[in-house]
Amino acid sequence: MAIATTMRPLVSLTLPERGAARLATQLFLALAGTLLLTLSAKTKVVLGPVDISLQTLAVLLIASAFGLRLAVATLLLYLAEGAFGLPVFQGTPEKGIGIAYMLGSTGGYLAGFVVMAAIAGWAADRGWDRSPFKLFGAMLIAEVLMMAMGFAWLAMLIGPEKSWQFGVLPFIVGDLIKVALAASLVPAVWALVKRG
């Protein structure tokens, strides 16, 4: 039993064991996660020639704290909110809403967020969220796959050269910083929990 306890994500410390209370808490956390994703999408940091949102940082932190299942459910709920026309994405409502926006230039990245959450959540479920090095490795893989999905979708719309130039290259440094930050924060929280 001790092994199972040490391999659970951070959220397991607050979840009731079973029943309606557990389900209600998970639903609350998923909704809170979508709010955090929305706020992070609307928050822009100027780093070089482009504005960078904090969304990938939020996805990685949510996934590492929630674990695979709850993180993926949260990201799917977030995408569903956007599909129904809520202005939850970075360019909404200015650049459109709903499915039309999701099928635009950011569609691959949005789908990639689900994959990113699955990988980081999977790592957290296995206890990698206690080690900054293991977590960084998992998050880096998640980041690369998310960017590859975004690149592939964007390349279909504007061609591979422009997709690389405008959809990947300007974001590499910022996203590496966000991966490193997330991979440092989650193990630090675990260290505080163990002390307390």
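Residues numbered from 1 in each chain as written. Predicted model: local features only at pLDDT ≥ 70, side-chain atom pairs only at ≥ 80, totals over all residues. Heavy atoms only, no water.

Sorry, what's going on with the overall build of the protein here?
Helix and strand counts for the protein stand at nine helices and two strands. Since a compact globule built from 196 residues should have a radius of gyration of about 16 Å, the 17 Å found for the protein is in line with a globular shape. Projected onto its principal axes, the C-alpha coordinates of the protein cover approximately 50 × 35 × 25 Å. Within the span of the protein, comprising 196 residues, buried residues form 44% of the whole. Of the contacts made within the protein by residues no fewer than 6 positions apart, 69% connect residues no fewer than 24 positions apart. Put simply, the protein shows about 10200 Å² of open surface, and 75% of that area lies on carbon and sulfur atoms. (Helix = DSSP H or I, 4+ residues; strand = E, 2+ residues; numbered from the N terminus. Rg over C-alpha atoms; globule rule 2.2 N^0.38 Å. Buried < 20%, exposed > 50% of the residue type's maximum accessible area, 1.4 Å probe, protein only. Contact = heavy atoms within 4.5 Å. Areas by Shrake-Rupley, 256 points an atom, 1.4 Å probe, with all protein chains shown as cover.)

Sorry if this is basic, but what is going on with the packing of helix α7 (residues 132-158) against helix α8 (residues 160-167) here?
Any two packed helices are characterised by the angle at which their axes cross and by the distance between the axes. Here α7 crosses α8 at 130°, and the two axes come no closer than 7 Å. Accordingly, the angle class assigned to the pair α7 and α8 is oblique. Pair α7 / α8 crosses with right-handed handedness. Counted together, Met147, Phe151, Leu154, Ala155 and Ile158 of α7 and Pro160, Lys162, Ser163, Trp164 and Gly167 of α8 form the full contact between these two elements. (Axes fitted to C-alpha atoms, helices over the stretch in contact; angles between N-to-C directions. Parallel < 35°, antiparallel > 145°, perpendicular 65-115°, else oblique. Left-handed = near helix turned anticlockwise from the far one by under 90°.)

How should I be thinking about the confidence of the model for the protein in this particular structure?
For any part of a model where pLDDT is low, the fine detail of the predicted coordinates should not be relied upon. Within the protein, residue pLDDT values average 91, and 94% of them lie at 70 or more. In this model residues 1-5 is a low-confidence stretch, pLDDT under 50, and it forms one contact with partners more than four residues away in sequence or in other chains. (pLDDT = per-residue confidence, 0-100.)

For this particular structure, what's the right way to read the environment of Ala58?
Among the secondary structure elements, Ala58 is positioned in helix α3 (residues 55-66). A relative accessible area of 4% places Ala58 in the buried class. Once the C-alpha coordinates of Ala58 and Val88 are considered, the two residues, 30 residues apart in sequence, prove to be 14 Å apart. With residues up to four places along the chain from it excluded, the contact list for Ala58 reads Leu36, Leu37 and Ser40.

Sorry, what's going on with the packing of aromatic side chains here?
Two descriptors summarise a pair of aromatic rings, namely the distance from one centre to the other and the angle between the planes of the rings. Going through the model one piece at a time under the given rule, you end up with four aromatic pairs. Centre to centre, the rings of Phe151 and Trp164 are 6.4 Å apart; their planes meet at 80°, and the pair counts as edge-to-face. With Phe151 in helix α7 and Trp164 in helix α8, the pair connects residues that are 13 residues apart, well separated along the chain. By relative accessible area, Phe151 is classed as partly exposed at 25%. (Phe/Tyr/Trp six-rings, centres within 6.5 Å; stacked < 30°, edge-to-face > 60°.)

Hey, could you run me through unusual backbone geometry in this one?
Glycine aside, residues mostly have negative phi, and peptide bonds are mostly found in the trans state. The linkage connecting Thr92 with the following residue, Pro93, adopts the cis geometry, with an omega of 0°. Here Pro93 lies in the loop between α4 (68-83) and α5 (98-102).

Help me understand the nonpolar core, please; the structure alone is not making it clear to me.
In terms of nonpolar packing, the biggest core is built from 47 residues, with Phe66 and Phe89 touching the most fellow members. Within the residue set of this core, elements represented by two or more residues are α2 (19-42), α3, α4, α5, α6 (107-125), α7 and α9 (172-195). With nine residues, α6 is the single largest residue contributor to this core. Setting aside chain neighbours within four positions, we find Phe66 in contact with Pro9, Val11, Leu29, Ala71 and Thr74. (Core = buried A, V, L, I, M, F, W, Y, C linked by side-chain atoms within 4.5 Å.)

Quick question: what am I supposed to make of the pattern of salt bridges here?
Once the charged atoms of two side chains with opposite charge are near each other, the side chains can pair. Under the defined criterion, the tally for this structure stands at two salt bridges. A salt bridge links Lys178 to Asp175, with the nearest nitrogen and oxygen atoms 3.0 Å apart. Taken as a pair, Lys178 and Asp175 lie in helix α9 at a separation of three residues, close to a single helical turn. Here Lys178 and Asp175 have matching classes, each one buried. (Salt bridge = Lys/Arg side-chain N within 4 Å of Asp/Glu carboxyl O.)

When you look at the environment of Ala80 in this model, what are you seeing that I'm missing?
Looking at the element boundaries, Ala80 is found in helix α4. When its relative accessible area of 28% is taken as the criterion, Ala80 is described as partly exposed. As for Ala80 and Ile99, which are separated by 19 residues in sequence, their C-alpha atoms are 9.4 Å apart.

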